[in-house]
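Read off the chains here:
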Amino acid sequence: QVQLVESGGGLVQPGGSLRLSCAASGSIFRVNDMGWYRQAPGKQRELVARIYTSGSTVYADSVKGRFTISRDNANNTVYLQMGSLKPEDTAVYYCNAVIRGIASMTFRDYWGQGTQVTVSS
């Protein structure tokens, strides 16, 4: 089975930085696009950033210029470098990836368990 494991969440002061990591593991044939989403209480889950196999990226307007998504294809890992953090960035952050397993005929959508990011003084 395929699993996404996140790390790096925690408490940080406004203006600070934090890096989230998400590694896909299991019997993986190929990982296509990967991304980060977040959900704050009472709000819809929203796209934060997404990165494709080509390296192209998409960012939410609210994080442009502050967050950077990257990936390490050799390790099936995606990162989210978050800088200039604001209280409104507080949310549960979820890793997402489109993955084909070795025994699978199709790509499937996978989600991490979520990691809490709290920006507060």
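Look above for the structure.
What you see is a predicted model; the values in this text were computed from it and never measured. (Residues numbered from 1 in each chain as written. Predicted model: local features only at pLDDT ≥ 70, side-chain atom pairs only at ≥ 80, totals over all residues. Heavy atoms only, no water.)

### Overview of the packing of aromatic side chains
So, point 1. Taken as a whole, this structure holds one aromatic pair when the rule is applied.
So, point 2. Measuring from ring centre to ring centre gives 5.1 Å for Y37 and W111, while their planes differ by 65°; the resulting arrangement is edge-to-face. Residue Y37 is located in strand 4 (residues 28–39), and its partner W111 is located in strand 10 (residues 108–111); the two are separated by 74 residues in the primary sequence.
So, point 3. A relative accessible area of 18% means that Y37 is categorised as buried.
So, point 4. Between the NZ or CZ atom of R45 and the centre of the ring of Y94, over which it lies, the distance is 3.8 Å. (Phe/Tyr/Trp six-rings, centres within 6.5 Å; stacked < 30°, edge-to-face > 60°. Helix = DSSP H or I, 4+ residues; strand = E, 2+ residues; numbered from the N terminus. Buried < 20%, exposed > 50% of the residue type's maximum accessible area, 1.4 Å probe, protein only. Lys NZ or Arg CZ within 6 Å of the ring centre and 35° of its normal.)

### What about the state of the cysteines?
So, point 1. Applying the stated criterion across every chain, the model contains one disulfide.
So, point 2. The disulfide partner of C22 is C95, and the gap between their sulfur atoms is 2.1 Å. Since a negative S-S torsion denotes a left-handed disulfide, the C22-C95 link at about -85° is left-handed. One end of the pair, C22, is in strand 3 (residues 18–25); the other, C95, is in strand 9 (residues 91–101), with 73 residues separating them in the sequence. C95 shares its class with C22; the two are buried. (Disulfide = S-S within 2.5 Å.)

### Some thoughts on the pattern of salt bridges
Opposite charge on two side chains permits pairing when their charged atoms draw close.
So, point 1. The full count for this structure, using the stated rule, is five salt bridges.
So, point 2. Among the ionic pairs, D61 bridges to K64, the shortest N-O distance being 3.0 Å.
So, point 3. One salt bridge in this structure joins R66 and D89, with 2.8 Å as the shortest N-O distance. With R66 in the loop between strand 6 (57–59) and strand 7 (67–72) and D89 in the loop between strand 8 (77–82) and strand 9, this pair connects stretches of sequence that are 23 residues apart. (Salt bridge = Lys/Arg side-chain N within 4 Å of Asp/Glu carboxyl O.)

### Here's the deal with the sheet that holds strand 7
So, point 1. In space, the four strands of this open sheet follow the order 1-3-8-7, with antiparallel pairing throughout. Looking at which strands have only one partner, the edges of the open sheet turn out to be strand 1 (3–7) and strand 7. When strand polarity is set aside, the average angle formed by the axes of neighbouring strands in this sheet is 15°.
So, point 2. Pairing of strand 3 with strand 8, which is carried by six bridges, proceeds in the antiparallel orientation. Bridging from a neighbouring strand, C22 pairs with V78 of strand 8. (Pairing = 2+ DSSP bridges. Axes fitted to C-alpha atoms, helices over the stretch in contact; angles between N-to-C directions.)

### Digging into the pairing of strand 5 (residues 46–51)
So, point 1. Sheet analysis places strand 4 next to strand 5, joined by five bridges and oriented antiparallel. Paired with W36 across the bridge in strand 5 is A49.
So, point 2. As judged from the three bridges shared by strand 5 and strand 6, these two strands associate in the antiparallel manner. The residue bridging A49 from the neighbouring strand is Y59, located in strand 6.
So, point 3. Hairpin connection of strand 5 to strand 6: five residues between the antiparallel strands, including G55 at a positive phi of 100°.

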